[in-house]
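Spelled out, the chains give:
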Amino acid sequence: MAESMTVHGDVELLARAGHLFSSVREEFVCAARDLDTWPRPAARSRVRDSGATRVRKLLSPAALADEGGRAHLNELAARGARVRIAASGLLHETIIIDRRWAILAGADAPGGRAYTVTAAPTLVGGVHALFEAAWEAATDLASFLRGDQPQLDAGSRKVLRALGSGATDEAAARELGMSLRTYRRRVAELLDVLDAGSRFQAGVRAGELGLSG
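Because the structure is predicted, anything quoted here is derived from the model rather than measured. (Residues numbered from 1 in each chain as written. Predicted model: local features only at pLDDT ≥ 70, side-chain atom pairs only at ≥ 80, totals over all residues. Heavy atoms only, no water.)

**Student:** Help me get a handle on the environment of Ser 179, residues and values and all.
**Tutor:** Turning to its location among the elements, Ser 179 is positioned in the loop between helix 7 (169–176) and helix 8 (180–193). Ser 179 sits in the partly exposed class, given a relative accessible area of 39%. Once the C-alpha coordinates of Ser 179 and Asp 169 are considered, the two residues, ten residues apart in sequence, prove to be 9.8 Å apart. One polar contact links Ser 179 to Thr 182, side chain to side chain, over a distance of 2.8 Å. (Helix = DSSP H or I, 4+ residues; strand = E, 2+ residues; numbered from the N terminus. Buried < 20%, exposed > 50% of the residue type's maximum accessible area, 1.4 Å probe, protein only. Polar contact = N/O pair within 3.5 Å; in protein donor to acceptor, adjacent residues only side chain to side chain.)

**Student:** Which residues make up the environment of Glu 175, and what are the values?
**Tutor:** With respect to the helices and strands, the residue Glu 175 is situated in helix 7. Between the C-alpha atoms of Glu 175 and Lys 158, which are 17 residues apart in sequence, the distance is 9.9 Å.

**Student:** Residue-level account of the sheet that holds strand 2 (residues 27–32), with values.
**Tutor:** The strand order 1-7-6-5-2-3-4-8 describes an open sheet built from eight strands, whose pairing is mixed. Both outer strands of the open sheet, strand 1 (4–8) and strand 8 (139–140), are each paired with one neighbouring strand and no more. For strand 6 (residues 101–105) and strand 7 (residues 114–118), the ladder comprises four bridges, and the chain directions are antiparallel. Across the sheet, the residue bridging to Leu 104 is Thr 116, located in strand 7. Sitting on the sheet, helix 4 (residues 121–137) is in contact with strand 1, strand 2, strand 3 (54–59), strand 4 (82–85), strand 5 (94–97), strand 6, strand 7 and strand 8, with an inclination near 70 degrees to strand 3. (Pairing = 2+ DSSP bridges. Contact = heavy atoms within 4.5 Å. Axes fitted to C-alpha atoms, helices over the stretch in contact; angles between N-to-C directions.)

**Student:** So, helix 6 (residues 154–165): which residues are in play, and what are the values?
**Tutor:** The terminal C-alpha atoms of helix 6 lie 17 Å apart, and with twelve residues this matches the ideal 16 Å at 1.5 Å per residue to within 8%. Buried within helix 6 are the following residues: Ser 156, Val 159, Leu 160 and Ala 162. Looking straight down helix 6, one finds its buried side chains confined to an arc of 160 degrees; they lie on one side. Counted as exposed and oriented over 90 degrees from the buried face of helix 6: Ala 154, Gly 164 and Ser 165. Phi turns positive, to about 80 degrees, at Gly 166, one or two residues after helix 6. (Expected span 1.5 Å × (residues − 1). Arc of directions from axis to C-beta.)

**Student:** Explain the pattern of salt bridges residue by residue, including any values.
**Tutor:** For the structure shown, the criterion picks out 16 salt bridges. Residue Asp 98 is joined to Arg 100 by a salt bridge in which the shortest nitrogen-to-oxygen separation is 3.6 Å. Among the residues examined, Asp 98 registers a relative accessible area of 14% and is labelled buried. Arg 185 is paired through a salt bridge with Glu 189; the nearest N and O atoms lie 2.9 Å apart. Placement of the pair is Arg 185 and Glu 189 together in helix 8, with a separation of four residues, close to one helical turn. (Salt bridge = Lys/Arg side-chain N within 4 Å of Asp/Glu carboxyl O.)

**Student:** Could you give an account of the packing of aromatic side chains, with specific residues and numbers?
**Tutor:** Counted under the stated rule, the structure contains one aromatic pair. The ring of Trp 135 carries Arg 56 above its face, with NZ or CZ at 5.1 Å from the centroid. (Phe/Tyr/Trp six-rings, centres within 6.5 Å; stacked < 30°, edge-to-face > 60°. Lys NZ or Arg CZ within 6 Å of the ring centre and 35° of its normal.)

**Student:** Explain the side chain of Glu 93 to me, using residue names and the numbers behind them.
**Tutor:** Along the chain, Glu 93 falls in the loop between strand 4 and strand 5. Among the polar contacts made by the side chain of Glu 93, one reaches the side chain of Arg 33 at a distance of 3.1 Å.

**Student:** Lay out the nonpolar core with the relevant residues and their values.
**Tutor:** Most often, soluble globular proteins keep nonpolar side chains buried together rather than apart. Leu 59, Leu 73 and Val 117 are the most contacted members of the largest nonpolar core, which totals 29 residues. Ranked by residue count, the leading element in this core is helix 1 (residues 9–21), at five residues. Each residue touching Leu 59, except ones within four places of it in the same chain, is listed here: Ala 32, Asp 34, Leu 35, Leu 73, Val 83, Arg 84, Ile 85, Ala 86 and Leu 90. In this structure, Ala 162, Leu 194, Ala 202 and Ala 206 belong to the second largest nonpolar core, which totals 13 residues. (Core = buried A, V, L, I, M, F, W, Y, C linked by side-chain atoms within 4.5 Å.)

**Student:** Describe in detail the pairing of strand 2, supporting the description with residues and values.
**Tutor:** Among the six residues that make up strand 2, six are buried, leaving the element largely enclosed by the rest of the structure. Residues Glu 27, Val 29 and Ala 31 point to one face of strand 2 and Phe 28, Cys 30 and Ala 32 to the other, with burial holding for every one of them. Two strands pair when backbone bridges link them, and strand 2 and strand 3 are joined in this way by six bridges, in the parallel orientation. Bridge pairing in strand 3 places Ala 32 opposite Leu 59. Both strand 2 and strand 5 contribute to a ladder of four bridges, which runs antiparallel. Looking at the pairing, Val 29 lines up with Ile 96 of strand 5.

Structure below.
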């Protein structure tokens, strides 16, 4: 295989670089925005059957959006993988294999994403350094689930859903059966809980944390 190459789509990635997933001997690290990012189950089964002694997964809070995702990550942790949750959404997905190979995912595209696969030492070393910086700033899965994720009661989730609908404050207050003053107070409280400076930021923050209205 060439030192660096670009492939298009998950099928070509697995066809031309799938053997790398089963070649892991020491460490497999992965940064991804959610659990549907990488080809599966083919790649996952190859990593599971490899000789990897250390597995680290760095994910966006959106990976915890549903019970299935949380259960999967807890299962990974129980099998010995180290899992951390980044403070915000991750824009680009990365896999590093034994610090010898790096696979970098491009943006979503109609014909499938492009992936750059490289063994160039300078590139792999630089990507690994960026991963380590993000890893150090992230929160361990168990700690995140214990309380780092804001807890919203039923009323707050209704307000969050109203914000997402784009309704005016007056219409939202009527829909929720509260006064305009109370609704706006609840919105202010929600922004404070989500550490958001605006209503738009609150929506973004809620999405990053996998919170639904």
